[in-house]
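Given next are the chains, with one letter for each unit.
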Amino acid sequence: MGDTEKKVKLIDSDGRRNDGRMPHELRPVKIEAGVLHRADGSAYVEWGGNKVLAAVYGPREAHPRHLQKPTRALVQCRYNMAPFSVSDRKRPGPDRRSNEISKVISEAFSSVIFLEQFPRTSVDVYMEVLQAEAGTRCAAITAASVAIADAGVPMRDLVVGCASGKVGGVVCLDLNKDEDNFGEADVPMAVVPRTGQIVLLQMDGHLTAKEFDQAMAYSLGAAQQIYELQKDALRRRYSVSLEEFRAKEATASPEPEEEPKYDVYHDDQPGVAE
Ligand code: UDP
């Protein structure tokens, strides 16, 4: 443990963390689907202080063409942090970290999307971090998954990202910025909740086997809560459309009576000669 780590008190005497959470508690999470009209599918996630927007296009013809796969679709992901998303301005454009995150997220989605149904195409997934406060890759996967579903791309299930780690010697769920900076370990993962399949697993720092099991148990439990929020966001998106459709139907004026296509003869009609 370095000097800076000693100065930052991450767990108090009641076992609470520096933001008041207990070790097993998530930060507040909000999810909205269908927030962009130009994209085929989109979603917005607020997760603690993280704000992430995801947009999805496709399946559409893969470009550049030499990347096309004759038997399946590609999943091309781009994770990007806006320059204003962190306290020190982030240099715009891709870097090693964002390339790595884009790659592992592409691999995670490649194992759930029915790629073989769309040869030579690409599903393009853009994730823009507008505000970052640790755990952005998990928030980005969670948002992208809802955006892919919103685009109607067939997949086995949604994917949920979640992280756990170790802070002040205690295994904790969903590390915040200070915990990420000064904690001992961080384990982001992504899971397919219906099957329990792990499609992304990374680890920064060290955990014992027992601590690792505890971290996984926390993340898997939290993933079920986030899964419900994802499904809820999709339901809200489509039930609103249905309600709007019904409201339109109810207020629509009845069909106008059709004008007769020929002159109708009335006895008393002026100017009509026998
Ligand atoms: N971060 C930063 N500048 C950077 C990259 C990261 O300030 O260039 C911060 C940001 O708040 C991020 C956190 O460090 O959420 C942790 O980054 P990490 O690489 O662990 O990824 P994340 O936890 O966001 O998936």
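What you are looking at is a predicted structure, and each value in this text was computed from that prediction instead of being measured. (Residues numbered from 1 in each chain as written. Predicted model: local features only at pLDDT ≥ 70, side-chain atom pairs only at ≥ 80, totals over all residues. Heavy atoms only, no water.)

*Asks:* Explanation requested: the packing of aromatic side chains in the structure shown.
*Replies:* How two aromatic rings sit relative to each other is set out by the distance from centre to centre and by the angle between their planes. Scanning the entire structure with this criterion turns up one aromatic pair. With a centroid separation of 6.1 Å and an interplanar angle of 85°, the aromatic rings of Tyr-57 and Tyr-126 are classed as edge-to-face. On the criterion of sequence distance, the pair formed by Tyr-57 in strand S3 (residues 50-61) and Tyr-126 in strand S5 (residues 121-131) is long-range, its members being 69 residues apart. Tyr-57 gets classed as partly exposed once you look at its relative accessible area, which sits at 25%. For Tyr-126, a relative accessible area of 30% translates into the label partly exposed. Above the plane of the ring of Tyr-227 lies Lys-231, whose end atom (NZ or CZ) is 4.2 Å from the centre. (Phe/Tyr/Trp six-rings, centres within 6.5 Å; stacked < 30°, edge-to-face > 60°. Helix = DSSP H or I, 4+ residues; strand = E, 2+ residues; numbered from the N terminus. Buried < 20%, exposed > 50% of the residue type's maximum accessible area, 1.4 Å probe, protein only. Lys NZ or Arg CZ within 6 Å of the ring centre and 35° of its normal.)

*Asks:* Which parts of the structure should I look at to understand the site of the ligand?
*Replies:* What surrounds the ligand is the set Met-81, Val-86, Arg-97, Ala-132, Glu-133, Ala-134, Gly-135, Thr-136, Arg-137, Lys-177 and Asp-180. Note that an oxygen atom of the ligand is positioned 2.4 Å from one of the side-chain N or O atoms of Thr-136. Within the side chain of Asp-180, one N or O atom sits 3.5 Å away from an oxygen atom of the ligand. Within the complex, 77% of the 500 Å² of free accessible area of the ligand lies under protein. Put simply, the parts of the chain that give the shell around the ligand at least two residues each are helix H3 (136-150) and helix H4 (177-182). Looking at side-chain class alone, the shell around the ligand contains four nonpolar, two polar and five charged residues. (Near = heavy atom within 4 Å. Polar contact = N/O pair within 3.5 Å; in protein donor to acceptor, adjacent residues only side chain to side chain. Areas by Shrake-Rupley, 256 points an atom, 1.4 Å probe, with all protein chains shown as cover. Nonpolar A, V, L, I, M, F, W, Y, C, P; charged D, E, K, R; others polar.)

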